[in-house]
Amino acid sequence: MFWRPKTMFPSSSATQMPSAKTMISAAASAAATIVLFRSIVKEYLPYEFQRYILYKLKTLINSFSLEFTLVIEEYDNLNQNNLFKAAELYLESIIPPDAKKLKISLIKKESNFSLSLDRNQEIVDTFNGVTLKWKYISKHGPTKYIPSPNNFNSIPKNEDKFFELSFHKKHRDMVIDVYLKHVIKKSKETKEEKKSLKLFTLTPDRMSGRRGDVWQSVNLHHPATFDTLAMDMEGKRVIMEDLERFVKRREFYRRVGKAWKRGYLLFGPPGTGKSSLIAAIANYLKFDIYDLELTDLKTNSELRNLLISTENKSVLVVEDIDCSIELQDRLAQARAMMPSRHNPAYNQVNQYQVTLSGLLNFVDGLWSSCGDERIIIFTTNHKERLDPALLRPGRMDMHILMSYCTPCGFKLLASNYLGFTEHPLFPCVEALIEKARVTPAEVGEQLLRYEEPESALTGLIEFLEDKSERLKREDGNKDSNGESGTAEGKLAQELDGNNGEVVKKEIDESTGEVVKKEEGAQEPDGENGEIVKEEGRNRGAMVKIQ
């Protein structure tokens, strides 16, 4: 027989686990104790002390956590937080395809839908191998008044919106210095992709005492592009290169101490495509257009206020500048107007409201620096009527002659209207266009008259022949009346786009037509008398860069 000693410890089978009933009873007792404690705290402790205890508990728990959270609120005090809007646009671009619930909206005057996170939803993003968690939170709070977008009044707001960006705390510096800059960059790209171009005009009730925006807008759907513009290729190339160089030189403008803006003057006969070129520039740059009608303004200060209220990346247009404001003989005008102020019959409406000095300050003064990346475009049918101070570099940096239709311009119009660029009747049309002095608008109107291309070209040829004969008769009458001399004309000088040579032109002041041309002239600058450089290769669009 073998003797087996008794074990000192009971076997595992002898160990009894607590029953489920016992565990549920213990949990219920603990919950009851917590509820009782919470009731006592609410009943007998002040609210401030309760919040203090809760804060300390959260701090204690967070001290053991490796997660760090950034809170991005919609408003910083009363100022809108640009980072919040950037986060909205960025998250829209990384919403996963398997998202179960999203908000969708269509903003007024926009054509694209906007997707965004619903309340308390999360999105996980990965950047440089780091996992980041975005959470959108919206909750009701006390009512506060914030400035409206137009800065004229305040609007009540009782909802607090913010994002929580959570990540491992060891990546804090990388997120703040690198990731958030990535968010801002991507949000700008998303904004540009979604952007619908706007055409702004002045609101009719801006001076009636009602508070609100001074600009009202519609979507700009003008189809003009540089591909469809009836200009010669060299002229379009020069303009596009100038625009591309301008938008890339932000740091250059800051370094040399100049406002980041560029001035253009479009001049030439009516119907030569000035408005189409403006639309093509806006479509090329993705810039909104602000149509500024100077005759609607009452004071120079109103002009400055309008400038301040325009957005960056915009095109400011002043059409028919010679008709909008009196720009010649300023001193004589001032002397003529002073006595009338003491006349009881003085009509306030008939005086010039915006002065030339106010316009010059708008274009190139201190107020012109209130904004970045702006194109200012002036148009006129009579460049010679403009004050030389307005024409100098820094105000009108680039002068673009929108002249009569050329053979190259005709081919573009034929491609746009008829759908082809070669036809047996083209040589006849091109030969007549050189003589007839017709505008692209006139050619386009003739091509619209018929559905059948052959009839459209035949009708255009008849129109060009009639106009050529009419011009011959008019020129013959002028010669017989002795009106081609220099006594009736005003000298003007510019670059002939056909051959690149500088020519002297004599312009009839009553009609604006060229009555005499001489070779070998150079154009002096209107303000300082120095010779300026002109570039161009075609008669349809002479471009002068000052």
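The rules behind these values
Residues numbered from 1 in each chain as written. Predicted model: local features only at pLDDT ≥ 70, side-chain atom pairs only at ≥ 80, totals over all residues. Heavy atoms only, no water. Helix = DSSP H or I, 4+ residues; strand = E, 2+ residues; numbered from the N terminus. Contact = heavy atoms within 4.5 Å. Axes fitted to C-alpha atoms, helices over the stretch in contact; angles between N-to-C directions. Parallel < 35°, antiparallel > 145°, perpendicular 65-115°, else oblique. Left-handed = near helix turned anticlockwise from the far one by under 90°. Nonpolar A, V, L, I, M, F, W, Y, C, P; charged D, E, K, R; others polar. pLDDT = per-residue confidence, 0-100. Buried < 20%, exposed > 50% of the residue type's maximum accessible area, 1.4 Å probe, protein only. Patch = residues over 30% accessible without salt bridge, like charges linked within 9 Å, V, L, I, M, F, W, Y side chains within 5 Å. Areas by Shrake-Rupley, 256 points an atom, 1.4 Å probe, with all protein chains shown as cover. Salt bridge = Lys/Arg side-chain N within 4 Å of Asp/Glu carboxyl O. Lys, Arg positive; Asp, Glu negative; His and termini not counted. Charge placed at Lys NZ, Arg CZ, Asp CG, Glu CD. Arc of directions from axis to C-beta.

Positionally, Leu-306 belongs in helix α8 (residues 300-308). Those residues in contact with Leu-306, other than ones at most four positions away along the chain, are Leu-202, Val-214, Trp-215, Leu-292 and Leu-297.

A separate point is the packing of helix α5 (residues 233-247) against helix α7 (residues 274-285). Axis separation between α5 and α7 bottoms out at 11 Å; the angle between their running directions is 45 degrees. It follows from the interaxial angle that α5 and α7 lie oblique. The handedness of the crossing between α5 and α7 is right-handed. Judged by residue contacts, Ile-239, Met-240, Leu-243, Glu-244 and Val-247 of α5 engage Leu-277, Ile-281, Tyr-284 and Leu-285 from α7. Here the contact of α5 with α7 is composed, by residue class, of 8 nonpolar, no polar and 1 charged.

A low pLDDT score tells you not to read the predicted coordinates there in detail. For the chain, the average pLDDT comes to 76, and 74% of its residues sit at 70 or higher. Segment residues 339-350: pLDDT under 50, and 5 contacts once partners within four positions in sequence are set aside and those in other chains are kept. Scored below 50 in pLDDT, residues 483-540 makes 129 contacts in the model with residues more than four places away or belonging to other chains.

Before going further, it helps to spend a moment on the packing of helix α13 (residues 407-417) against helix α14 (residues 426-436). Two numbers describe how α13 lies on α14: the axes approach to 9 Å, and their chain directions differ by 130 degrees. The angle between α13 and α14 places the two elements in the oblique class. With respect to the hand of their crossing, α13 and α14 are arranged in right-handed fashion. Counting all contacts with α13, which are made through Pro-407, Phe-410, Lys-411 and Ala-414, the residues of α14 involved are Phe-426, Val-429, Glu-430, Ile-433 and Glu-434. Of the residues contributing to the contact of α13 with α14, the split by class is 6 nonpolar, no polar and 3 charged.

Following the sequence through the fold, Leu-83 ends up in helix α3 (residues 82-93). Residue class for Leu-83 comes out partly exposed when judged on its relative accessible area of 22%. Between the alpha carbons of Leu-83 and Ile-72 there is a distance of 7.1 Å; along the sequence they are 11 residues apart. Among all residues touching Leu-83, those that are not within four sequence positions of it are Ile-72, Leu-180 and Ile-184.

Among the surface-exposed residues, Glu-293, Asp-296, Glu-319 and Asp-320 lie close enough to one another that they form a single negatively charged patch. Here Glu-293 shows up in the loop between β12 (288-291) and α8.

Those residues of α8 lying buried are Asn-300, Glu-302, Leu-303, Leu-306 and Leu-307. Angularly, the buried residues of α8 cover 160 degrees about the axis, an arc narrow enough to put them on a single face. Lining the buried residues of α8 we find β9 (198-202), β10 (215-219), β13 (314-318), α11 (356-364) and β14 (374-380).

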